[in-house]
Amino acid sequence: MRAVKILVAFMGLMIVIGIGLVAYGLSLDKNASNPQGATSGPSAPAVPVARGAAPSQPAAVVASEPLSAFGDIAVDMAPGERLVGYSRQGNDVTLHIEGADGGMSRLVIVSIDQKKVLGRIVLGGAAQ
């Protein structure tokens, strides 16, 4: 009987400590500041849509910091190519360029800070 009383007292003490730790953890979460300055709620990732297919719902607009003036950055495009879409992540911009008649596509990553093309990703077909 004495062993049961000791176990009950120990379990009661563990419950009190556990509740205290949960309360402490919740107070830390409330007081935490958001260093990234992210907006509340989930942001929709940029997902490419297959040619001819319509997106199921419009993409959400995510607020971002305004860009300072950066001047002109030249991106070479062959005749017949067109800019299909773009996305910005920080000071890097990804341009989706599609070839003539929906041919070979490529992604061009441009750095606004460095004012140059960082690289290309060729989608389908051989690299140029």
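See the structure above.
Scope of this entry: the structure provided in the associated data block.

Cut-offs and rules
Residues numbered from 1 in each chain as written. Predicted model: local features only at pLDDT ≥ 70, side-chain atom pairs only at ≥ 80, totals over all residues. Heavy atoms only, no water. Helix = DSSP H or I, 4+ residues; strand = E, 2+ residues; numbered from the N terminus. Buried < 20%, exposed > 50% of the residue type's maximum accessible area, 1.4 Å probe, protein only. Areas by Shrake-Rupley, 256 points an atom, 1.4 Å probe, with all protein chains shown as cover. Salt bridge = Lys/Arg side-chain N within 4 Å of Asp/Glu carboxyl O. Pairing = 2+ DSSP bridges. Axes fitted to C-alpha atoms, helices over the stretch in contact; angles between N-to-C directions. Polar contact = N/O pair within 3.5 Å; in protein donor to acceptor, adjacent residues only side chain to side chain. Contact = heavy atoms within 4.5 Å.

1. Let's talk about the overall build of the chain
From N to C terminus, the chain includes one helix and four strands. When its helices and strands are written in sequence order, the chain yields α-β-β-β-β. Within the chain, the proportion of its 128 residues that are buried is 10%. Just so you have it, the chain exposes about 10500 Å², and 61% of that area is on carbon and sulfur atoms.

2. Quick notes on the pattern of salt bridges
Close approach of charged atoms lets side chains of opposite charge pair. In this structure the tally under the stated criterion is two salt bridges. The closest approach of N and O atoms between arginine 82 and glutamate 98, which form a salt bridge, is 3.2 Å. Note that arginine 82 is positioned in strand S1 (residues 82-89) and glutamate 98 in strand S2 (residues 92-98), a separation of 16 residues in sequence. Among the residues examined, arginine 82 registers a relative accessible area of 47% and is labelled partly exposed.

3. Details of the sheet that holds S1
Pairing is antiparallel in the open sheet, where four strands are placed in the order S1-S2-S3-S4. Two strands close off the open sheet at either side, each with one partner strand: S1 and strand S4 (116-123). Each neighbouring strand pair of the sheet contributes to a mean axis angle of 20°, computed without reference to strand direction. Sheet analysis places S2 next to strand S3 (residues 105-111), joined by seven bridges and oriented antiparallel. When the bridges of S3 are listed, histidine 96 appears paired with leucine 107.

4. Brief notes about the environment of arginine 88
As for its position among the elements, arginine 88 is in strand S1. A C-alpha to C-alpha distance of 9.5 Å links arginine 88 and valine 110, two positions 22 residues apart in sequence. Among the polar contacts made by the side chain of arginine 88, one reaches the main-chain carbonyl oxygen of glycine 90 at a distance of 2.8 Å.

5. Description of unusual backbone geometry
Here the phi dihedral of lysine 115 falls at roughly 55°; this positive angle occurs in a residue that is not glycine. What makes lysine 115 partly exposed here is its relative accessible area of 48%.

6. Some remarks on the side chain of glutamate 81
For glutamate 81, the position within the fold is in the loop between helix H1 (2-31) and S1. Accessibility expressed as a relative area gives 16% for glutamate 81, which makes it buried. Beyond its immediate stretch of four places on either side in the chain, glutamate 81 contacts Asp76, Ile97, Glu98, Gly99, Ala100 and Arg106.

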